Protein chains: 2
Amino acid sequence: MTDTPQPKRKHIPQATIKRLATYVQVLESLARDNVSVISSNPLAEACGVQGSQIRKDLAYFGEFGIRGVGYQVNHLISSITSSLGVDHEWPMVLVGVGNLGKAMINHIGFHAHGFHIKAIFDCDPFKIGDKVHGLEVFPTQEIKPIVEKLGVEIAVITTPPERAQRAASYLAEGGIKGILNFAPARIKVPDHVHVEYVDFFRHMYNLIFNLTQDPKEAKPERDAMDIKKHLFDSDPGQIRD
Amino acid sequence: MTDTPQPKRKHIPQATIKRLATYVQVLESLARDNVSVISSNPLAEACGVQGSQIRKDLAYFGEFGIRGVGYQVNHLISSITSSLGVDHEWPMVLVGVGNLGKAMINHIGFHAHGFHIKAIFDCDPFKIGDKVHGLEVFPTQEIKPIVEKLGVEIAVITTPPERAQRAASYLAEGGIKGILNFAPARIKVPDHVHVEYVDFFRHMYNLIFNLTQDPKEAKPERDAMDIKKHLFDSDPGQIRD
DNA sequence: CACTACTTGAGAAAAGAATCACAAGGATAC
DNA sequence: GTATCCTTGTGATTCTTTTCTCAAGTAGTG
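Remember, predicted model here, so these are calculated numbers, not experimental data.

Thresholds, definitions, all that
- Residues numbered from 1 in each chain as written.
- Chains lettered and ligands numbered in written order.
- Predicted model: local features only at pLDDT ≥ 70, side-chain atom pairs only at ≥ 80, totals over all residues.
- Heavy atoms only, no water.
- Contact = heavy atoms within 4.5 Å.
- Buried area = accessible area lost by both parts, 1.4 Å probe.
- Salt bridge = Lys/Arg side-chain N within 4 Å of Asp/Glu carboxyl O.
- Polar contact = N/O pair within 3.5 Å; in protein donor to acceptor, adjacent residues only side chain to side chain.
- Helix = DSSP H or I, 4+ residues; strand = E, 2+ residues; numbered from the N terminus.
- Nonpolar A, V, L, I, M, F, W, Y, C, P; charged D, E, K, R; others polar.
- Near = heavy atom within 4 Å.
- Buried < 20%, exposed > 50% of the residue type's maximum accessible area, 1.4 Å probe, protein only.
- Arc of directions from axis to C-beta.
- Pairing = 2+ DSSP bridges.
- Right-handed = clockwise from strand over helix to strand, strands pointing away.

This next bit is on the interface of chain B and chain A. On the chain A side, the residues contacting the 88 residues of chain B number 87 residues. Summing both sides of the interface, chain B and chain A together bury roughly 8,300 Å²; the carbon and sulfur share of this comes to 65%. Sorting the residues of chain B by area buried against chain A places Arg186, Arg202 and Tyr205 of chain B first, and these three jointly supply 10% of that buried surface. Linking chain B with chain A are 2 salt bridges, by the criterion used here. Ionic pairing is found between Lys188 of chain B and Glu45 of chain A, a salt bridge with its closest N-O pair at 3.3 Å. Scanning the region where chain B abuts chain A turns up 16 residue pairs in polar contact (both at pLDDT 80 or more). Residue contributions to the side of chain B that touches chain A peak at 14 residues, all from helix α9 (residues 200-213) of chain B. Class assignment for the residues of the side of chain B that touches chain A results in 44 nonpolar, 25 polar and 19 charged.

Rendered as structure tokens:
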């Protein structure tokens, strides 16, 4: 009926979405290197997954490849980004103008991918009125009216853990639908608000656990030449997370 | 035989390790509130998982609870952190002294949890010699000798994507065993080096996908009072990543 | 135009992870 | 000391996700 590749809308695993973000990252790198077509296996190797995994992930959204050929890099990028809804601008607000908050406000890649921070908030009276990257810092009490006025749906929390819940509550009251939470604290929000936790410690714990508990990888020794030899043919590691 | 709770060393899922980090986060918050004992179900609710999930996760490492009572908060924290190997200091180095790098260097929670950045590197000649939080910026060429001299095993990469691979190669040559990579790029390292990717975009993509594709949650309208009512009894969301 | 070489897409099978259900163990009250 | 109550730890079950396998489809070659 339709000329678009009919999407098989059943339940799509969260893991698939996560991997799609990585595929885009690698595909964009390929595009910069002027690679125009790639098949699933080499792409999979660059992403640290199986080829069949990529094909299955993409199949949730439609048919983007050409049998016998592979995938057109640019077409695949736009197919994935539009499938996910990240092919256009998303205005955002940020709460917590500390070191990390400022880093996010100035993050060029973030802005380049359409994530535009439109307003920033902090509860520290000494910061109110400061300008960061051209944006004025507003008090957290004004989150609700400003979010409502701007009609923003996504927010970033970069406060200390003890202030994350208050920020989240203000944001929810203002009608925010999604929160990217960098604060090392769990927050409670209404059911319709989706929270993504960016937890450095989780990654660090994982790193250290794998370091200390993987005696299977404890190779005796390895000199610089040996490392260089392995540098470009080793497994870049599973995506998961 | 031993008086320590015998660990059942079989394969431990990565997902379990990730959750343990969250358990510690919530337990530390409980400890601050002077909660001394907690049973699996209330802890599970605060973490956004099932009680049986917590019990199973802990069972991989031993028996830390008291039947009929629950878990001692402080004891459980130290049991988990020592099981994971995060109960002592970990010296680290950092490559890429930009906005994000500086934020990590100044991150108090990071330092408080034993992750101590001992040396920092950048390839920008104008940054070499600068002091950040008391640390002098060294050129990336010196990564190998300095890492070897310090005997550091863990590194953080906060460079732009195009410089992440070079940083990773230098680090691997210096004998680094684990890398926390904030750069939005996949890196290739020898098999024995473990890489953890901290990918904001992955979280953003997930957030937006859930926003746009979850029409099941599209409640008609909801005023502020309604939101407040739900604020403290709603599901804080699954841990997953 | 038939034939070969490749690659996708998808059903089937395998592996893995979360949940359930309950026996075992410990604390407390009487 | 005995009975009752409560919560853990774990085997069994269910559910989810990944991997395997191969038919279907496309481009290029002689």
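So much for the structure itself; the text now carries on.
Once that is clear, we can look at the protein's contact with DNA strand C. Close to DNA strand C lie 27 residues; Ser40, Arg55 and Tyr71 of chain A together with Arg19 and Arg67 of chain B are nearest. Put simply, 69% of the atoms of DNA strand C that lie within 4 Å of the protein are in sugar or phosphate. Within the contact set of DNA strand C, a base nitrogen lies 3.5 Å away from a side-chain nitrogen or oxygen of Arg55 of chain B. When contributions to the surface near DNA strand C are tallied by element, the ones reaching two or more residues are α3 (51-59) of chain A together with α1 (14-32) and α3 (51-59) of chain B.

Residues and elements named next belong to chain A. Looking only at helix α2 (residues 40-47), the buried set comprises Ser40, Leu43, Ala44 and Cys47. Relative to the axis of α2, the buried residues are bounded by an arc of 100 degrees and lie together on one face. Close packing links the buried residues of α2 with α1 (14-32), β1 (37-38), α3, β2 (71-72) and α4 (73-84). One or two steps after α2, the chain reaches Gly48, where phi turns positive at roughly 80 degrees.

Moving on, we come to the protein's contact with DNA strand D. Neighbouring DNA strand D are 28 residues, the closest being Arg19 and Arg67 of chain A together with Ser40, Arg55 and Tyr71 of chain B. One nitrogen or oxygen atom from the side chain of Arg19 of chain A is found 2.6 Å from a phosphate oxygen belonging to DNA strand D. Within the side chain of Arg67 of chain B, a nitrogen or oxygen atom sits 3.2 Å from a sugar or linking oxygen of DNA strand D. Per-element accounting of the surface near DNA strand D gives the leading share, 4 residues, to α3 of chain A. A class-by-class count of the residues in the surface near DNA strand D yields 9 nonpolar, 10 polar and 9 charged.

Attention now goes to the pairing of strand β7 (residues 154-157) of chain A. Residues and elements named next belong to chain A. The two faces of β7 match: Ile154 and Val156 on one face and Ala155 and Ile157 on the other face are all buried. Examined bridge by bridge, strand β3 (residues 90-95) and β7 share 4 bridges and lie parallel to one another. The residue of β7 that forms the bridge with Met92 is Ile154. As paired strands, β7 and strand β8 (residues 178-181) are joined by 4 bridges and run parallel to one another. Among the inter-strand pairings, Ile157 is bridged to a residue of β8, identified as Asn181. As a crossover connection, the stretch from β7 through helix α8 (residues 161-173) into β8 is right-handed.

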